[in-house]
Amino acid sequence: MKTALITGVTGQDGSYLAELLLDKGYAVHGVVRRSSTFNRGRIDHLRKGSGGDPYLHLHYGDLGDTESLTTILAEVQPDEIYNLAAQSHVGISFTMPTYTGEVSGLGTVRLLEAVRQIVPQARFYQASSSELFGQALEVPQNEQTPFHPRSPYAVAKLYSFWATVNFREAYGLYASNGILFNHESPRRGENFVTRKITRAVAEIAAGQRDWLSLGNLEARRDWGFAGDFVDAMWRILQADDPDDWVVGIGEEHSVREFCDLAFAHAGIELEWTGTGTEEVGRDRANGTTRVLVNPRYFRPAEVDRLLSDASKARQGLGWEPKVGFEELVRMMVDADLEAVGAK
Ligand code: NAP
Ligand code: GDD
């Protein structure tokens, strides 16, 4: 039986990855932060097993605290380490640039250095991001596309990307980057744009609110399903040699298009009028305002368009996403409709 350690196990990806690895027969350990309220809603179902049922082992730790990382590595002796922990919100990174650098940048080096000293034979996965491409110099983006980060988050992730490459080259660690494009799910944090939309659509359909305000409706992303992307993470660590891999479904859509589909799935057809901050999305049937633009959600520097070319991962890892964009939107709206009692 292999042993895996996941940082960020309480997050969207951590929860899907823990499920996948438990299904594959791994002993799975996760790092959790101490907080005054319990932050384990996404993994509770993995903790309730008894007897021979899947069971997830949790350890208190923090990417800001080297000692906790060294203690956990010495105790767990993992074969595979998935570093998913991060301050992962791009917009918020502009208001917390130092903290974001501490966790999403330096945190990776703390962990890599601990791995080098304690379990140098372990395989290490770094959760790198399509945000590295930022103001992308070409479309679509692949492993050769130059980086141009556009936020404190992306700058921190750039540091982590190169630290991972450097520990591979300098010390021979098996350390790989997954450069993952946006991936979403019903477990997505509620202040990321997709979940913000699907949650609001459900509440509007249930008569619990009237409208939703968003920032840049023109932004385009390559949105896939998180469940498919954790399979890519696992495949990346099964490759013969460590490497860096772009992962994405290769389809781009705007935030406005996401709104159209999400509202339509709840039976509301949107009609857009106006431009810029005056743009409004109304219910075509009765003219009720459903979407407004609020400059509060604009970012000081924006990433306008991301689109993946994941041919290397498809060919080299045999990775194939199962859920397409439209199915993803429907899945998220359905889950939120159910959560608000409207389904
Ligand atoms: P997420 O839902 O925000 O989860 C982040 C995880 O990191 C949570 O478990 C969080 O713990 C933990 N964490 C935050 N600060 C920490 C610290 N100081 N020490 C230890 N743990 C800490 O993010 P996600 O969407 O699952 O993404 C997983 C990783 O992939 C992140 O590194 C993200 O930047 C990267 N990524 C995500 C995407 C995407 O589209 N989802 C794409 C590319 C890369 P709490 O639960 O206690 O907050
Ligand atoms: N969050 C948010 N809220 N974004 C909005 C809003 C809003 O009200 N209105 C428009 N947007 C736009 C953002 O400006 C951005 O262009 C796009 O919607 C997507 O925003 P997010 O969902 O916050 O995701 P992200 O693309 O910035 O970052 C996510 O994907 C990265 C991979 O490309 C995060 O998961 C990162 O951790 C990840 O690395």
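Residues numbered from 1 in each chain as written. Chains lettered and ligands numbered in written order. Predicted model: local features only at pLDDT ≥ 70, side-chain atom pairs only at ≥ 80, totals over all residues. Heavy atoms only, no water.

- An unreviewed UniProt entry lists the protein under the name GDP-mannose 4,6-dehydratase, with Candidatus Sulfomarinibacter kjeldsenii given as the organism.
- Check the Sequence similarities (unreviewed entry) section of the UniProt entry for the protein; it says "Belongs to the NAD(P)-dependent epimerase/dehydratase family. GDP-mannose 4,6-dehydratase subfamily."
- Under the heading Function (unreviewed entry), UniProt records this for the protein: "Catalyzes the conversion of GDP-D-mannose to GDP-4-dehydro-6-deoxy-D-mannose." (UniProt positions renumbered as here; feature names shortened; annotations may be inferred.)

## As for the side chain of Gln141
Alright, step 1. Tracing the backbone shows Gln141 in the loop between strand 5 (123-129) and helix 6 (152-171).
Alright, step 2. If near-sequence neighbours (up to four positions away) are discounted, Gln141 is found in contact with Phe133, Ala136, Phe181, Val246, Arg305, Leu306, Leu307, Ser308 and Asp309. (Helix = DSSP H or I, 4+ residues; strand = E, 2+ residues; numbered from the N terminus. Contact = heavy atoms within 4.5 Å.)

## Let's talk about the site of ligand 1
Alright, step 1. As a structural note, the neighbourhood of ligand 1 is formed by 25 residues, with Thr10, Asp62, Ser88, Tyr153 and Lys157 the closest of them.
Alright, step 2. Residue Arg33 places a side-chain N or O atom 2.8 Å away from an oxygen atom belonging to ligand 1.
Alright, step 3. Take Leu84: an N or O atom from its main chain is 2.9 Å from an oxygen atom of ligand 1.
Alright, step 4. Surface burial for ligand 1 is 90%, taken as the share of its 900 Å² of free accessible area covered by protein chains.
Alright, step 5. Elements with a contribution of two residues or more to the shell around ligand 1: helix 1 (12-23), helix 5 (97-118), strand 5 and helix 6.
Alright, step 6. Ranked by residues supplied to the shell around ligand 1, first place goes to strand 5 with three residues.
Alright, step 7. Taken together, the residues of the shell around ligand 1 break down into 10 nonpolar, 10 polar and five charged. (Near = heavy atom within 4 Å. Polar contact = N/O pair within 3.5 Å; in protein donor to acceptor, adjacent residues only side chain to side chain. Areas by Shrake-Rupley, 256 points an atom, 1.4 Å probe, with all protein chains shown as cover. Nonpolar A, V, L, I, M, F, W, Y, C, P; charged D, E, K, R; others polar.)

## Considerations on the site of ligand 2
Alright, step 1. As a structural note, the neighbourhood of ligand 2 is formed by 24 residues, with Ser129, Ser130, Tyr153, Arg299 and Glu302 the closest of them.
Alright, step 2. At a separation of 2.8 Å, an oxygen atom of ligand 2 approaches a polar backbone atom of Val193.
Alright, step 3. A distance of 2.6 Å separates an oxygen atom of ligand 2 from a polar atom in the side chain of Arg299.
Alright, step 4. Relative to its unbound accessible area of 710 Å², ligand 2 is 95% covered by the protein chains.
Alright, step 5. Residues belonging to the shell around ligand 2 are distributed by class as follows: 10 nonpolar, eight polar and six charged.

## Here's the deal with the sheet that holds strand 3 (residues 56-60)
Alright, step 1. Taken in spatial order, the seven strands of this open sheet run 3-2-1-4-5-6-11, and their pairing is parallel. Among the strands making up the open sheet, the edge pair consists of strand 3 and strand 11 (244-247). Going from strand to strand, the sheet's axes swing by 20° on average, the running direction of each strand aside.
Alright, step 2. Sheet strands touched by helix 5: strand 1 (3-7), strand 4 (80-83) and strand 5. Its angle to strand 5, the strand with the most contacts, is close to 170°. (Pairing = 2+ DSSP bridges. Axes fitted to C-alpha atoms, helices over the stretch in contact; angles between N-to-C directions.)

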